[in-house]
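# Observations on the three-dimensional arrangement
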Amino acid sequence: MNGSRILLVVSGGIAAYKAPELLRALRRAGHSVRCVMTEAARAFVAPLVLQTLSGSPVRSALLDTSEEGQIGHIELAEWAEQVLVAPATASFLARMANGLADDLPSTVLLATRAPVLVAPAMNLNMWEHPATRANLTTLRARGVEVVGPDEGELACGFEGPGRMSAPEAIVAHLALLLGPSSLAGERVVVTAGGTREPLDAVRVLGNRSSGKMGYALAAEAARRGATVRLISAPTSLPTPAGVEREDVETALEMRAAVHAAAADASIVLMCAAVADFRPANPVARKIKKEKLDSQDELDAPLDITLQRNPDILAELCRERSSSARFVVGFAAESHDLLAAARRKLARKGCDLLVANDISRRDAGFDSDDNAVLLLTPDGEVDALPLLPKPVLAARILDRVEKMRGARA
Ligand code: CTP
């Protein structure tokens, strides 16, 4: 993974105790991290912890001759490709907004030319105070990015916005800022998960799709700068950073959501496992084993009549008036992968088909990895090896970008 040089600035609030966890998450994501902290932050987290985790000395004082000799504050400001202030207290935000340079962290922030992300953490009343709001408006106008704060129980006993975002959420937000901007200005629609078709008040017909591939595609498209709408059938996955998610349950709900969102989308990635059939007569109540007219159990097999669902992908490909919208279909096949995928590509009429063999034990449904074939209408077939789904998402979007580029 291509990491960046991140300067982590820790200011003095209770959330500073999460700084070591954040630092570890940054390192895990492949970044090099150097850390500076305010004097007040030293009361909440020991510099030695941050020094050990970052592998570099941690400084607070501006005028420390020995440390300044090793790496000066201007050098630190220049070294950083991205500055992250976490936690950012109300006081520190005020100093940033006013351009104060009265300690090492504030001086580095004034000297750096790197983009800055702040993760505020403070008491609810301080967060809502007009002074803090005005400071944030000033900082945003200067291009400072803000992640959080989250709502919840605050260390001061209050309940509301003020908690620093979780370290993973901060790292995910950074990934958005540091990503390429190859899809900036594009509107991307992604469908994910497996639809559920109700049978009665408690039962559904579903499938084994976990949604991981679609969520990875949505995350990658957002990282590349796209505005992403993720239309998701039920999954247990968290919404990727920077992605707008709409939850649906059935194929018909998904169809309505896709048609509405696709109207102004330039790329549609139909990753969801849409049920081809739904129970024709879903029962509003629970289907019981007792016979209706007696206390006897119903022994005969229960027949369920299924009705065809519309093929959303095929509809979308048919209705597009120009070739401006790029539509990607997915195919899950249990046998004759290549032949079945070729037929499906022709039948659906999409611009690219991603086909995977669900009979493989190490890939596909619910797995973290997948191996796929990419098929294009002109007969090209590209076999991608077994890859983690986020890597595969990047390879698929690389292909989409290349094909769109060639068209343009
Ligand atoms: N799809 C869809 N609407 C449906 C069924 C599938 O939009 N009612 C989309 C899926 O999102 C996927 C592609 O069509 O992008 C292929 O899905 P798949 O289930 O593999 O194919 P089917 O069309 O169901 O064909 P078959 O059942 O013959 O495999």
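Reading guide: rules and limits
- Residues numbered from 1 in each chain as written.
- Predicted model: local features only at pLDDT ≥ 70, side-chain atom pairs only at ≥ 80, totals over all residues.
- Heavy atoms only, no water.
- Phe/Tyr/Trp six-rings, centres within 6.5 Å; stacked < 30°, edge-to-face > 60°.
- Lys NZ or Arg CZ within 6 Å of the ring centre and 35° of its normal.
- Pairing = 2+ DSSP bridges.
- Helix = DSSP H or I, 4+ residues; strand = E, 2+ residues; numbered from the N terminus.
- Axes fitted to C-alpha atoms, helices over the stretch in contact; angles between N-to-C directions.
- Contact = heavy atoms within 4.5 Å.
- Buried < 20%, exposed > 50% of the residue type's maximum accessible area, 1.4 Å probe, protein only.
- Core = buried A, V, L, I, M, F, W, Y, C linked by side-chain atoms within 4.5 Å.
- Domains from an automatic or database assignment.
- Buried area = accessible area lost by both parts, 1.4 Å probe.
- Polar contact = N/O pair within 3.5 Å; in protein donor to acceptor, adjacent residues only side chain to side chain.
- Nonpolar A, V, L, I, M, F, W, Y, C, P; charged D, E, K, R; others polar.
- Salt bridge = Lys/Arg side-chain N within 4 Å of Asp/Glu carboxyl O.
- Near = heavy atom within 4 Å.

### Observations regarding the packing of aromatic side chains
Two aromatic rings, taken as a pair, are described by how far apart their centres are and by the angle between their planes. The final tally for this structure, using the stated rule, is zero aromatic pairs. Between Arg34 and the ring centre of Trp79, over which it is positioned, the NZ or CZ distance is 4.6 Å. Here the basic side chain of Arg133 rests over the ring of Trp127, its NZ or CZ set 4.6 Å away from the ring centre.

### Here's the deal with the sheet that holds strand S20 (residues 381–383)
If you trace the eight strands from one edge of the open sheet to the other, you get S12-S11-S8-S13-S16-S17-S19-S20, paired in mixed fashion. Across the chains shown, the open sheet's two edge strands, defined by having one partner strand only, are strand S12 (243–247) and S20. Strand-to-strand twist across the sheet, computed as the mean angle between neighbouring axes with direction ignored, equals 15°. Here strand S19 (residues 372–375) pairs with S20 via three bridges, running antiparallel. If you follow Leu374 over to S20, its bridge partner there is Asp382. Helix-sheet contacts for helix H11 (residues 251–262) involve strand S8 (187–192), strand S11 (227–232), S12 and strand S13 (267–270), and the interaxial angle to S11 is about 170°.

### Brief notes about the pairing of strand S4 (residues 116–120)
Burial of S4 is extensive: five of the five residues sit out of reach of the surface. A two-sided burial pattern is seen for S4, the buried positions comprising Val116, Val118 and Pro120 on one face and Leu117 and Ala119 on the other. For strand S3 (residues 82–88) and S4, the ladder comprises four bridges, and the chain directions are parallel. Bridge pairing in S4 links Ala88 to Pro120.

### Some details on the nonpolar core
With 32 residues, the main nonpolar core has Leu217, Val228, Leu269 and Ile396 as its most contacted residues. Sorting elements by how many residues they give to this core places helix H10 (residues 212–223) first, with seven residues. With near-sequence residues (within four places) excluded, Val228 lies in contact with Val188, Val190, Ala218, Ala221, Ala222, Val243 and Glu244. By size, the runner-up hydrophobic cluster in this structure holds 28 residues, among which are Leu8, Ala19, Ala25 and Met164.

### Some remarks on unusual backbone geometry
The residue after Ala86, namely Pro87, is reached through a cis peptide bond having omega -5°. Within the fold, Pro87 resides in strand S3. That bond from Gly148 to Pro149 is cis: its omega, 0°, falls within 30 degrees of zero. By the element assignment, Pro149 lies in the loop between strand S5 (145–146) and strand S6 (150–153).

### Remarks on the domain arrangement of the chain
When cut into domains, the chain gives domain 1 (5–178) and domain 2 (187–407). Each of domain 1 and domain 2 has a C-alpha centre, and these two points are 40 Å apart. Approximately 310 Å² of surface area, both sides summed, lies buried where domain 1 meets domain 2, with 72% of it carried by carbon and sulfur atoms. Interface area lost by domain 1 to domain 2 is led by Ala172, Ala175 and Leu176, which between them contribute 90%. Here domain 1 is connected to domain 2 by zero residue pairs in polar contact (both at pLDDT 80 or more). A breakdown of the residues in the side of domain 1 that touches domain 2 according to their chemical character gives three nonpolar, one polar and no charged.

### Observations concerning the pattern of salt bridges
Counting across every chain of the model gives 23 salt bridges. A salt bridge links Lys212 to Asp368, with the shortest nitrogen-to-oxygen separation between them at 3.0 Å. In this pair, Lys212 is assigned in helix H10 and Asp368 in the loop between strand S17 (352–357) and strand S18 (369–370), connecting sequence segments 156 residues apart. The class for Lys212 is partly exposed, based on a relative accessible area of 23%. Under the relative-accessibility criterion, Asp368 is labelled exposed at 51%. With a shortest N-O distance of 4.0 Å, Glu319 and Arg325 are connected by a salt bridge.

### A look at the pairing of S3
Within S3, seven of the seven residues are buried, which leaves it mostly tucked inside the rest of the structure. With burial as the criterion, each face of S3 is covered, one bearing Gln82, Leu84, Ala86 and Ala88 and the other bearing Val83, Val85 and Pro87. In this sheet, S3 lies alongside strand S1 (residues 5–10) in parallel orientation, the contact comprising four bridges. Each bridged residue has a counterpart across the sheet, and for Val9 the counterpart in S3 is Val85.

### Remarks on the site of the ligand
Every one of the 16 residues lining the ligand counts as a neighbour, but Met270, Asp276, Phe330, Lys344 and Lys348 are closest to it. Within the backbone of Ile312, a nitrogen or oxygen atom sits 3.1 Å from a nitrogen atom of the ligand. In the environment of the ligand, an oxygen atom lies 3.2 Å from a nitrogen or oxygen atom belonging to the backbone of Ala332. Those elements giving two or more residues to the shell around the ligand turn out to be helix H12 (312–319), strand S16 (326–333) and helix H13 (337–348). Of the residues forming the shell around the ligand, the biggest block, four residues, is contributed by S16. Split into classes, the residues belonging to the shell around the ligand amount to ten nonpolar, one polar and five charged.

### Details of the sheet that holds S5
Read across the open sheet, the five strands follow the order S2-S1-S3-S4-S5; overall the sheet is parallel. The open sheet is flanked by strand S2 (32–37) and S5, the only strands paired with a single partner. Strand direction decides the pairing type here: S4 and S5, joined by two bridges, are parallel. Within the sheet, the bridge partner assigned to Val118 lies in S5 and is Val146.

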